[in-house]
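What follows is the residue order along each chain.
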Amino acid sequence: MTNNLITEHYDVDKNLTANVLAAIKKEKGGLENLSVDDLIAIDGFHIRGRKSTVELAERLQVRPADRVLDIGSGSGGTARYLASRYDCHVIGIDLTPSYVHLAADLSKRLKLDDKTAFGCGNGAVLPFMDESFDIVWMDHVQMNIPDKGLYISEFARVLKPSGKIALHEVFKGKAGEPYMPVPWSSDESTSFIIHADELKAQLTEKYFNLIEWRDVTEISNQWFQKMRAKRRANGPSPLGIHLLMGPNAEEKIANMGRSLADGRATVIMGILQKA
Ligand SMILES: C[S@@+](CC[C@H](N)C(=O)[O-])C[C@H]1O[C@@H](n2cnc3c(N)ncnc32)[C@H](O)[C@@H]1O
């Protein structure tokens, strides 16, 4: 039931792939010879976009032989970046069918479909064998998952010994809950946001050792305010994450910015290793 509501929240456009392709065509002049960098504007449905993905991957020291599981893979941008930069294999799993379709289409166009694969599914109940991944990556997803203990035990199960979790996630701030609607939720019924320390305690209670847990709220806030000012001045460009957010995209983006500025949201980048 909750997952249906979450899918409803994200599944904003039944013609998403066609509309994104039209926007790419408009902005890049065609659909031929696209590179991973050509898709930056649609590829990061998270704060600081590609910048944060590059940062987290470097700190994680991704290796070419790694098998990576991207939970809540969205448009597939993280998977394509990791596969093209590190030559690793990435499987993306996501609740939202239109995003999965888009991710697979874009990866095929970039000839990265031998290194990436996408499927519909719940990141908290994983359809994978025990010890089958080196890395579980999760970027701006866990605030949609009510049972934190469930996905933590699933991550531990599918990770190989000494496998790592890479997290880039939004949490509750000291000043209270974020203003709604936000990019991940239209109201409280699909938002399961908690304080960062609560998740850290659950992750390290049994299954994982902490390698790093960086509070990146301030740089996230600065990036967000700059991005908002640019949008106000120039309007959104044809290709952008607003295409993934539906008609009230600007309101959701504005509320995320206000929540960061007012202490109603924090952002953490974390790396943990299976104990
Ligand atoms: C804010 S977007 C982030 C997408 C992607 N990680 C990125 O950084 O571009 C959140 C994504 O998580 C997915 N999602 C939410 N709950 C999920 C769950 N329980 N299992 C799998 N995917 C989920 C949504 O469908 C959506 O694609």
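Here the structure is shown first, and the text comes after it.
Residues numbered from 1 in each chain as written. Predicted model: local features only at pLDDT ≥ 70, side-chain atom pairs only at ≥ 80, totals over all residues.

*Asks:* Help me understand the pairing of strand E2 (residues 89–94), please; the structure alone is not making it clear to me.
*Replies:* When a strand is regular, its side chains alternate between the sheet's two faces. Across the six residues that make up E2, a large majority, five, are buried. As paired elements, strand E1 (residues 67–71) and E2 share five bridges and run parallel to each other. Bridge pairing in E2 links Ile71 to Ile93. In this region the chain leaves E1, passes through helix H5 (residues 77–86) and returns to the parallel neighbour E2; the handedness of that crossover is right-handed. Relative to strand E3 (residues 116–120), E2 runs parallel, the two being bridged by five bridges. Opposite Asp94, over in E3, you have Cys120 as the bridge partner. For the crossover that starts at E2, traverses helix H6 (residues 97–109) and ends in the parallel E3, the hand is right-handed. (Buried ≥ 20, exposed ≤ 12 C-beta atoms within 10 Å, placed from the backbone. Helix = DSSP H or I, 4+ residues; strand = E, 2+ residues; numbered from the N terminus. Pairing = 2+ DSSP bridges. Right-handed = clockwise from strand over helix to strand, strands pointing away.)

*Asks:* Just to check I follow, could you spell out the nonpolar core for this structure?
*Replies:* The tendency in soluble globular proteins is for nonpolar side chains to be buried as a group. Formed by 50 residues in total, the largest nonpolar core has its most connected members in Val68, Leu82, Ile135, Val136 and Trp137. In terms of residue count, strand E5 (residues 159–172) provides more of this core than any other element does, six residues in total. Ignoring sequence-local partners within four residues, the contact set of Ile135 consists of Leu60, Val62, Asp66, Val68, Gly163, Lys164 and Ala166. (Core = buried A, V, L, I, M, F, W, Y, C linked by C-beta atoms within 7 Å. Contact = placed C-beta atoms within 7 Å.)

*Asks:* What should I look at first to understand the packing of helix H9 (residues 217–234) against helix H10 (residues 249–261) in this one?
*Replies:* In helix packing, the relevant descriptors are the interaxial angle and the interaxial distance, both defined with respect to the helix axes. Where H9 contacts H10, the axes come no closer than 9 Å and their chain directions differ by 140 degrees. In terms of orientation, H9 lies oblique with respect to H10. Classified by chirality, the crossing of H10 by H9 is left-handed. Of the residues in H10, those in contact with Thr217, Ser220, Asn221, Phe224, Gln225 and Arg228 of H9 are Met256, Gly257, Leu260 and Ala261. (Axes fitted to C-alpha atoms, helices over the stretch in contact; angles between N-to-C directions. Parallel < 35°, antiparallel > 145°, perpendicular 65-115°, else oblique. Left-handed = near helix turned anticlockwise from the far one by under 90°.)

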